[in-house]
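As a plain string of letters, each chain reads:
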Amino acid sequence: MFDRNFLKLYFICGTQDCEYNIDKTKHIIETALKNGVTIFQYREKGEYSLTEEAKENFAREIQILCQKYKVPFIIDDDIDLVLKLNADGIHIGQKDEDIENIRKKIPNKIIGLTVSNEDEFSNSKIEMADYLGVGPVYNTFSKKNPAQTIGVSGIKKIRNLTNKPIVAIGGIKKENIKEIIKNGADGVAVISAITKEKNIEKITCDLKNEINLSNFLGQYTF
């Protein structure tokens with residue numbers, strides 16, 4: 001069963017985020033899982049990223065790590081791989097396979113849906129999703145051609161439309177977590193905030209502590 005607390009510290013990573021180095025990617029993911037990540041999404045995108053059997057084999061290795069640390073394992077936009085690995089769920093964007101079709105294929109698994117603005121919210125079957133990924137909040141370099149940034153006001157606009165669990169994404173760092181939580185997000189999704197740091201253990205703990213403090217000081221009232 002999905003718990004909105006899963007979204008507190010949502011880590012997204014693939015080999016493209018770690019110089020296409022498989023060993024480095026695995027090390028970063030395991031260190032983050034060990035030190036406070038609450039849900040993990042395997043996102044393999046890019047010209048030199050793993051594909052087919054190599055992608056499946058690496059995904060299996062990461063899935064084992066997620067199971068070891070009792071962290072839900074989500075796969076980005078690859079329903080076939082979700083079914084093959086019996087992963088915990090999938091995350092899809094506005095241009096990916098229709099969420100209604102996805103839900104029919106995995107009725108009892110986690111489905112996350114990206115929503116960047118009020119129009120996308122209105123035109124999406126959000127009732128089919130377990131949570132919404134909302135952003136990009138700030139400028140991000142982790143995706144090619146990202147959508148226009150929405151700022152924390154964009155988080156608040158979506159929050160005012162729904163009680164659905166929300167995870168904020170896009171250019172998020174420790175310093176802006178408090179405002180993001182204050183404006184309605186249940187948690188934050190990060191990539192480079194972890195992968196670009198030298199001390200993965202420290203930054204993961206710092207992010208976790210900042211999220212817990214922000215929640216303690218007063219989360220958005222639904």
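Structure: above.
Residues numbered from 1 in each chain as written. Predicted model: local features only at pLDDT ≥ 70, side-chain atom pairs only at ≥ 80, totals over all residues. Heavy atoms only, no water.

Draft legend 1. Representation of the overall build of the protein. What the protein contains, in helices and strands, is 9 helices and 8 strands. The C-alpha atoms of the protein give 16 Å as radius of gyration, which agrees with the globular expectation for 222 residues (17 Å, within 12%). Projected onto its principal axes, the C-alpha coordinates of the protein cover approximately 45 × 40 × 35 Å. Taken over 222 residues, the protein has a buried fraction of 54%. Within the protein, residue pairs in contact and separated by at least 24 positions form 60% of the contacts whose partners lie at least 6 positions apart. (Helix = DSSP H or I, 4+ residues; strand = E, 2+ residues; numbered from the N terminus. Rg over C-alpha atoms; globule rule 2.2 N^0.38 Å. Buried < 20%, exposed > 50% of the residue type's maximum accessible area, 1.4 Å probe, protein only. Contact = heavy atoms within 4.5 Å.)

Draft legend 2. Inspection of the sheet that holds strand β4 (residues 89-92) at higher detail. The sheet built from 8 strands closes into a barrel, its strands ordered β1-β2-β3-β4-β5-β6-β7-β8 with parallel pairing. On average, each strand axis in the sheet is inclined to that of its neighbour by 25°, with strand direction left out of account. Bridge count between strand β5 (residues 110-115) and strand β6 (residues 131-134): 4 bridges; the pairing is parallel. The partner of Gly112 across the bridge, within β6, is Tyr131. Sheet strands in contact with helix α2 (residues 52-68) are β2 (39-42) and β3 (73-76), and its direction is about 175° off that of β2. (Pairing = 2+ DSSP bridges. Axes fitted to C-alpha atoms, helices over the stretch in contact; angles between N-to-C directions.)

Draft legend 3. Region of the structure containing the pairing of β5. Along β5, 6 of the 6 residues are buried, which leaves the element largely enclosed by surrounding structure. Of the strand pairs in this sheet, β4 and β5 are connected by 4 bridges, and their pairing is parallel. Paired with His91 across the bridge in β5 is Gly112. Handedness of the crossover joining β4 and β5 through helix α4 (residues 99-105) is recorded here as right-handed. (Right-handed = clockwise from strand over helix to strand, strands pointing away.)

Draft legend 4. Up close: the packing of aromatic side chains. Enumeration over the complete set of coordinates arrives at 7 aromatic pairs. Judged by centre distance (5.8 Å) and plane angle (15°), the ring pair of Phe2 and Tyr131 falls under stacked. Residue Phe2 is located in the segment before β1 (9-13), and its partner Tyr131 is located in strand β6; the two are separated by 129 residues in the primary sequence. Per residue, the accessibility class of Phe2 equals that of Tyr131, and both read buried. Here the aromatic cluster, defined as three or more aromatic residues joined through ring pairs, consists of Phe2, Phe6, Tyr10 and Tyr131. (Phe/Tyr/Trp six-rings, centres within 6.5 Å; stacked < 30°, edge-to-face > 60°.)

Draft legend 5. Up close: the nonpolar core. Grouped together as the largest cluster of nonpolar side chains are 58 residues, with contacts concentrated most on Phe11, Phe40, Phe73, Leu132, Val190 and Ile194. Top contributing element to this core by residue count: α2, with 5 residues. When sequence neighbours within four positions are dropped, the list of residues in contact with Phe73 reads Phe40, Tyr42, Ala59, Ile62, Gln63, Cys66, Leu85, Ala87, Asp88 and Gly89. One finds Phe2, Ile12, Ile39 and Ile110 within the second-largest nonpolar core, a separate group that totals 11 residues. (Core = buried A, V, L, I, M, F, W, Y, C linked by side-chain atoms within 4.5 Å.)

Draft legend 6. Region of the structure containing the pairing of β2. Every second residue of β2 is oriented toward a common face, with Ile39 and Gln41 on one face and Phe40 and Tyr42 on the other, all of them buried. Pairing geometry for β1 and β2, over 4 bridges, is parallel. If you follow Phe11 over to β2, its bridge partner there is Phe40. Taken together, β1, helix α1 (residues 22-34) and β2 constitute a β-α-β crossover, and its handedness is right-handed. For β2 and β3, the ladder comprises 3 bridges, and the chain directions are parallel. Paired with Tyr42 across the strands is Ile75, a residue of β3. Read from β2 through α2 to β3, the crossover connection turns out right-handed.

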